[in-house]
Amino acid sequence: MKILLILPRDNIYRYHGIASKIIGPYAPLTLVTLAALVPKELEAQIDLLDEGAQKPNYENKTNYDVVGITCVASSANRAYELSEYWRSRGAFVVLGGAHPTLMPDEAQQHADSVVVGLAEETWPQLLRDFKIGAAQKRYHTQYSGELASPAPRRDLFPLFGYLPAPTIIANRGCNNHCAYCVINQSDYSRCVVRPISEVVEEIQSLRTRRIIFLDPNLASNREYAKNLLQTLIPLRLKWMASAPSDVVYDRELFELMVRSGCEGVLIGFESFSQASLNRSGKKFNQVNQYKEIIRKFHAHGIVVSGCFVLGFDDDTPEVLARTAETVYDINIDLPRYAILTPFPGSHLFTHFKSEGRLLTEDWSLYDSQHVVFRPKHISPAQLQQIFTDTLKKSFSYRHIFHRAQIAPHSLILSLMANLGLRETLLSAWKEEAGQAQTLPVHVEENV
Ligand code: B12
Ligand code: SF4
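J.: Even after reading the chapter, I still don't get the pairing of strand β10 (residues 210-213), so can you show me in this structure?
T.: Each regular strand carries side chains that alternate between the two faces of the sheet. Where strand β8 (residues 167-168) lies against β10, 2 bridges are found, and the strand directions are parallel. Residue Ile-168 lies in a different strand from β10, and its bridge partner there is Phe-213. Bridge analysis of β10 against strand β11 (residues 238-242) gives 3 bridges, and the strand direction is parallel. Residue Ile-212 lies in a different strand from β11, and its bridge partner there is Met-240.

J.: Explain the sheet that holds β11 to me, please; I cannot follow it from the model alone.
T.: Each strand in a sheet pairs with another by means of backbone hydrogen bonds, the pair being arranged parallel or else antiparallel. The parallel open sheet is built from 6 strands, whose spatial order is β8-β10-β11-β12-β13-β14. Of all the strands in the sheet, the pair left with one neighbour each is β8 and β14 (334-339). Packed on one face of the sheet, helix α15 (residues 380-394) meets β13 (303-310) and β14 and runs near 170 degrees to β14.

J.: Explain a nonpolar patch on the surface here, please?
T.: A grouping of Leu-411, Ile-412, Leu-413 and Met-416 is seen on the molecular surface, where their side chains present a nonpolar patch of about 410 Å² in accessible area. Residue position: Ile-412 is located in helix α17 (residues 411-435). Here Ile-412 falls in the exposed class, since its relative accessible area comes to 53%.

J.: Mind showing me how you'd approach the site of ligand 1 here?
T.: Around ligand 1 there are 40 residues in total, and Thr-30, Thr-70, Ala-73, Glu-120 and Tyr-188 lie nearest to it. One nitrogen or oxygen atom from the main chain of Gly-97 is found 3.3 Å from a nitrogen atom belonging to ligand 1. Listed by contribution, the elements that provide at least two residues to the shell around ligand 1 are α2 (30-36), β3 (66-70), β4 (92-96) and α4 (98-102). Of the residues belonging to the shell around ligand 1, the class tally is 25 nonpolar, 11 polar and 4 charged.

J.: I'm lost on the site of ligand 2 in this one. Help?
T.: Residues in close proximity to ligand 2 include Cys-174, Asn-176, Cys-178, Tyr-180, Cys-181 and Lys-282, which together make up its full environment. Class assignment of the residues belonging to the shell around ligand 2 gives a composition of 4 nonpolar, 1 polar and 1 charged.

J.: What is the right way to look at unusual backbone geometry in this model?
T.: Peptide bonds are, in most cases, trans, and in most cases residues other than glycine have a negative phi. A positive phi angle is found at Arg-236, which is not glycine, with a value near 50 degrees. Following the sequence through the fold, Arg-236 ends up in the loop between α8 (222-232) and β11. Using a relative accessible area of 67% as the deciding quantity, one classes Arg-236 as exposed. The backbone phi angle of Glu-270 is positive, close to 70 degrees, even though this residue is not glycine. As for its position among the elements, Glu-270 is in strand β12 (residues 262-270).

J.: I tried to follow the pattern of salt bridges on my own but got confused; where do I start?
T.: Any two side chains of opposite charge can pair if their charged atoms end up close together. Taken as a whole, this structure holds 23 salt bridges when the rule is applied. The partner of Glu-81 in a salt bridge is Arg-78, with the nearest N and O atoms 2.5 Å apart. You can see Glu-81 and its partner Arg-78 sitting in helix α3 (residues 76-88), 3 residues apart, about one turn around the helix. With a shortest N-O distance of 3.2 Å, Asp-246 and Arg-222 are connected by a salt bridge. Of the two residues, Asp-246 sits in the loop between β11 and α9 (251-259) while Arg-222 sits in helix α8, which places them 24 residues apart along the sequence. With relative accessibility at 22%, the residue Asp-246 sits in the partly exposed group. Exposure remark for Arg-222: the relative accessible area of 26% places this residue in the partly exposed category. Three or more residues joined by partner-sharing salt bridges are found here, namely Arg-222, Lys-226, Asp-246, Asp-250 and Glu-252.

J.: I'm lost on α15 in this one. Help?
T.: Because the α-helix completes a turn every 3.6 residues, residues three or four places apart line up on one side. The end-to-end C-alpha distance of α15 is 21 Å, a good match for the 21 Å that 15 residues give at a rise of 1.5 Å each. Among the residues of α15, those classed as buried are Pro-380, Ala-381, Leu-383, Gln-384, Ile-386, Phe-387, Thr-388, Thr-390, Leu-391 and Ser-394.

J.: Looking at this structure, I do not really get the side chain of Gln-185. What am I missing?
T.: Mapped onto the fold, Gln-185 is located in the loop between β8 and β9 (192-193). The class of Gln-185 is buried, set by a relative accessible area of 5%. Polar side-chain contacts of Gln-185 include one of 3.5 Å to the backbone oxygen of Ala-179. Once residues within four sequence positions are removed from consideration, Gln-185 is found in contact with Leu-102, Cys-178, Ala-179, Ser-346 and His-347.

J.: Would you explain the packing of α8 against α9 in this entry?
T.: A pair of packed helices is characterised by two quantities: the angle between their axes and the separation of those axes. At a minimum axis separation of 9 Å, α8 and α9 run at an interaxial angle of 30 degrees. Regarding the angle of α8 to α9, the classification is roughly parallel. Relative to α9, the crossing made by α8 is left-handed. When α8 is examined against α9, the residues Arg-222, Ala-225, Lys-226, Leu-229 and Gln-230 are found in contact with a partner set consisting of Glu-252, Leu-253, Leu-256 and Met-257. For the contact of α8 with α9, the residue count by class is 5 nonpolar, 1 polar and 3 charged.

Conventions we followed
- Residues numbered from 1 in each chain as written.
- Chains lettered and ligands numbered in written order.
- Predicted model: local features only at pLDDT ≥ 70, side-chain atom pairs only at ≥ 80, totals over all residues.
- Heavy atoms only, no water.
- Pairing = 2+ DSSP bridges.
- Helix = DSSP H or I, 4+ residues; strand = E, 2+ residues; numbered from the N terminus.
- Contact = heavy atoms within 4.5 Å.
- Axes fitted to C-alpha atoms, helices over the stretch in contact; angles between N-to-C directions.
- Patch = residues over 30% accessible without salt bridge, like charges linked within 9 Å, V, L, I, M, F, W, Y side chains within 5 Å.
- Areas by Shrake-Rupley, 256 points an atom, 1.4 Å probe, with all protein chains shown as cover.
- Salt bridge = Lys/Arg side-chain N within 4 Å of Asp/Glu carboxyl O.
- Buried < 20%, exposed > 50% of the residue type's maximum accessible area, 1.4 Å probe, protein only.
- Near = heavy atom within 4 Å.
- Polar contact = N/O pair within 3.5 Å; in protein donor to acceptor, adjacent residues only side chain to side chain.
- Nonpolar A, V, L, I, M, F, W, Y, C, P; charged D, E, K, R; others polar.
- Expected span 1.5 Å × (residues − 1).
- Parallel < 35°, antiparallel > 145°, perpendicular 65-115°, else oblique.
- Left-handed = near helix turned anticlockwise from the far one by under 90°.

Here's what the structure looks like:
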């Protein structure tokens, strides 16, 4: 059996030529995990194509029996295009991932089969069914508690294109319920954990001293996190992961993070408006504690990458306009910005749709870089402008050099990370300007 697995591009996540080979993203685990789940007895030949890291060349490809495509909202249109292409070449096309899970009926129109949610059991089942000519249109299993997942087939990664530190997954899902987040909505990312012994074994097999956890929230299940970190201490690793801002106030957990080698955290601070945080179910973020939280991380040599979302209903224009300066003041090491996005199939999407506030249903614009809804207090064009100004200011050389000076790690690393992100943003803008697809038409009318 010949299988092709594809991670399609979107407006931002796409191959940028040689630049993509030098400053790539984290190595994504979806395709290599699906490859590892292919049953051995099928003796399948498996090819992978990540359109964010490789230049696609489909014409030269041989024909495949099964083509599996993963997608998020912003890459759904591209996924459907690829699906039509491969179906026309006789392949059996399977769609899975965040968007098909939240929008299975839509995905079904473009695929032979849709896998909803996690696929540790369903994907191997589908392939076995396909082999005997009995593949179903929909596969959906709900998982809970512990879920074993094989070590990803990292041997199938392209040679260049990703950050060199290996990525790993320990727990999926999240126990929080932030209103704008799709985790915990539908079965996309169920709260399941991998057995700790399996995670440790995988880390040891990687023969590495550095690792990046891709878990949406490493500290979601505090008991699990503490046990995992305790087990990591003797491995003397350096690791990075996503964690909530309040971990610094959980003494035991924070101490274990430090002792097990945490060197960087990605924190969803999201907003400088406490009202926005409260209304989004993110009360555990307290704006007046941000500076202290970052100071606590820095005191232990831990770098803080902070994520911010612009466009909540309680965001005032004044707070929004000051975002870049406030990020500068609280000493974030690497800021990430997104525009509030009502991902299709999510509660926020239903809510905005019922209020008639959606501006477009072109999913390619649902990439957190475009305003796709009507904000409460400002026009869509104003929000788009504030977002662009925030990025420009935050990635100006003045801000980048400030961050390099306060970085708890090496100045060079901070400069590399910040300049790399600046370069990615600039090339994405340039490409988009070339395509003249900047804003949905309704937004342009408001400019
Ligand atoms: C790591 C990560 C990234 C990495 C790697 C991306 C990747 N595609 O692998 C990077 C940083 C590059 C990234 C980028 C983006 N991401 Co991201 N990312 C994640 C994160 C935290 C983990 C994904 C992961 O690797 N999980 C581990 C693997 C093994 O699990 P998995 O991907 O879920 O796959 C399993 C199942 O879903 C299923 N499955 C998935 N695909 C398929 C396909 C087939 C055929 C089958 C059978 C099964 C199947 O089987 C797998 C095994 O169980 C998720 C949130 C989460 N799930 O925890 C967000 C998430 C997927 N990302 C999201 C977003 C919005 C983005 C960006 C648009 C952000 C941006 N503005 O740049 C880009 C888009 C990139 C793109 N075009 O794909 C959203 C998607 C929301 C949506 N509905 O669209 C999520 C859900 C985060 C969130 N809370 O909102 N991301
Ligand atoms: S804490 Fe993070 S991952 Fe968890 S629900 Fe909130 S935004 Fe999503």
